[in-house]
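Residues per chain, in single letters:
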Amino acid sequence: MEMMNELFEKYFRGETSLAEEKELKQYFLKGNVSPEHEAYRVLFEEFSKEMNETTNLPSVHAYIPKQRSMNRIWYQWLALAGIAAAVIMLLWIQFPTTPENYAIIGGNRIDNTEFAQRYTAKKLTNVNKMLARSMKPLQSLKNVREEMQPLKTLSEVRRKMTELQNKLQLK
Amino acid sequence: MTLVAVFFMVTASQAQTLQSFFDKYRDDERFEFVTVGKGMMNIGNMFAGHHGKGNNKENNNDMLSKMKSIKILTLNADATSPLMKQVVSEIDQVVEKGNFETLVETRDKGQRVNIYYCLSGKDNADMLIVTKEKGEFSLIWINGKMTKDEIMHTFSDAGKIMNSSGFNEKLENIASN
């Protein structure tokens, strides 16, 4: 009896081992319970009942959202990117671009390819003419250099004649 | 990967600046805007058909085949007008911010020609020709697969191209119709 009292004190202090708790349960199950311990019978019987109870509630895991693996996320993103690219390609092919050759003069659009091309050609020609005018002095310099070429030849002939004269005098 | 993304973003922003400039003024009544896309063989014939011979003709056609588009924006206004000053200032900023390289710069009796070049991709380049003469300011934006050498070669034969009689009259007739 003394030992059981110590066990109860230990139990309520929360210091009992599993074996000691089992011993307490067995004590109540056997039925040979001392009157001073009768007050605890209800408590232990309730614990035993609760242990045997089963519940129909869903598992805790059912409430936790499933975590998708990183690979799966990547595959999903890749698939979405592929679909987006395909849609862009389709739009690119399906919708023809606006006519490339046109002009807007005075706020009015002129869809005339020939006009647009001739206008462009005229502008490019104008650029060429302007460049040609600007480069004219350089061309003149080139011409002067070409004109000077015979003079250079003359001076060369004169130098050779002088050399020849000097040689003849030495002899 | 990041470098490639940054490169594309930078190049895209450059084109967009010039593009946004053209977009801003192309519908403006005070401007003339003309765009010509691929298939510019007519222009090719005009370039080399009358005066180009041999290699010169082939080079001009080759150059034109590499062009993807030509866009021209022209403003006819007095040189001292606020609009002209604004447009000149804006295009100078576009050229400066777009990292354009100056290929040609000439000034002659109130006429100014500037040719700028800018790589806008691996195989793509933008050429911007800015001409300013009495009462007229023109921007010619050429996009295509062209190198600096090809551009210089095309304009080196300046003055030999497009001088056929009656050409301007024909153009005016088309415009009036």
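In this convention, every chain numbers its residues from 1, walking through the sequence in written order. Naming scheme: in the order in which they are written, chains are lettered from A and ligands are numbered from 1. Predicted model: local features are reported for residues with pLDDT of at least 70 only, side-chain atom pairs are reported and counted for 80 or more only, and whole-chain, interface and lining totals are derived from all residues.

Asks: Looking at this model, I keep getting lost on the confidence of the model for chain A. Mind explaining?
Replies: Low-pLDDT portions of the prediction should not be read for the details of their coordinates. Each residue gets a pLDDT score, which is the predictor's confidence in that residue and runs from 0 to 100. When pLDDT is averaged along chain A, the result is 80; 87% of the residues meet or exceed 70. At the low end of the mean pLDDT range in chain A sits helix H3 (residues 38-52) of chain A, at 76; at the high end sits strand S1 (residues 102-105) of chain A, at 92. Each helix is a run of DSSP H or I of at least 4 residues and each strand a run of E of at least 2, with the numbering of both proceeding from the N terminus.

Asks: I tried to follow unusual backbone geometry on my own but got confused; where do I start?
Replies: Outside of glycine, negative phi angles account for most residues, and trans bonds account for most peptide bonds. Residues and elements named next belong to chain B. Unusually for a residue other than glycine, asparagine 99 sits at a positive phi of about 55°. Tracing the sequence through the fold places asparagine 99 in the loop between helix H4 (82-97) and strand S3 (101-108). Counting other C-beta atoms within 10 Å of a residue's own tells you its class, since 20 or more makes it buried, 12 or fewer makes it exposed, and anything in between is partly exposed; those C-beta atoms are placed from the backbone. Overall, asparagine 99 belongs to the partly exposed group, with 13 C-beta atoms counted inside 10 Å. Its identity as a non-glycine residue notwithstanding, lysine 109 has a phi of 45°, on the positive side.

Asks: Got a minute to help me understand the sheet that holds strand S1 (residues 31-36) of chain B in this structure?
Replies: One key point about sheets: their strands pair by backbone hydrogen bonds, in either a parallel or an antiparallel sense. At least two bridges found by DSSP between two strands are what make those strands a pair. Taken together, the eight strands give an open sheet; going across it, the order is S2(A)-S1(A)-S1(B)-S2(B)-S6(B)-S5(B)-S4(B)-S3(B), and neighbouring strands pair in antiparallel fashion. Strands with a single pairing partner mark the edges of an open sheet, and in this sheet they are strand S2 (108-110) of chain A together with S3 of chain B. Geometrically, the sheet is characterised by an average inter-axis angle of 10° between neighbouring strands, direction not taken into account. Relative to S1(B), S1(A) runs antiparallel, the two being bridged by four bridges. Paired with A:Tyr102 across the two strands is B:Thr35, which belongs to S1(B). Packed on one face of the sheet, H4(B) meets strand S2 (67-76), strand S4 (111-119), strand S5 (125-133) and strand S6 (136-144) of chain B and runs near 25° to S6(B). Lines are fitted to the C-alpha atoms to define the axes, a helix being fitted only along its stretch in contact, and any angle between axes, read from their N-to-C directions, falls within 0 to 180 degrees. Any residue pair is listed as a contact if its two C-beta atoms, each placed from the backbone, are within 7 Å.

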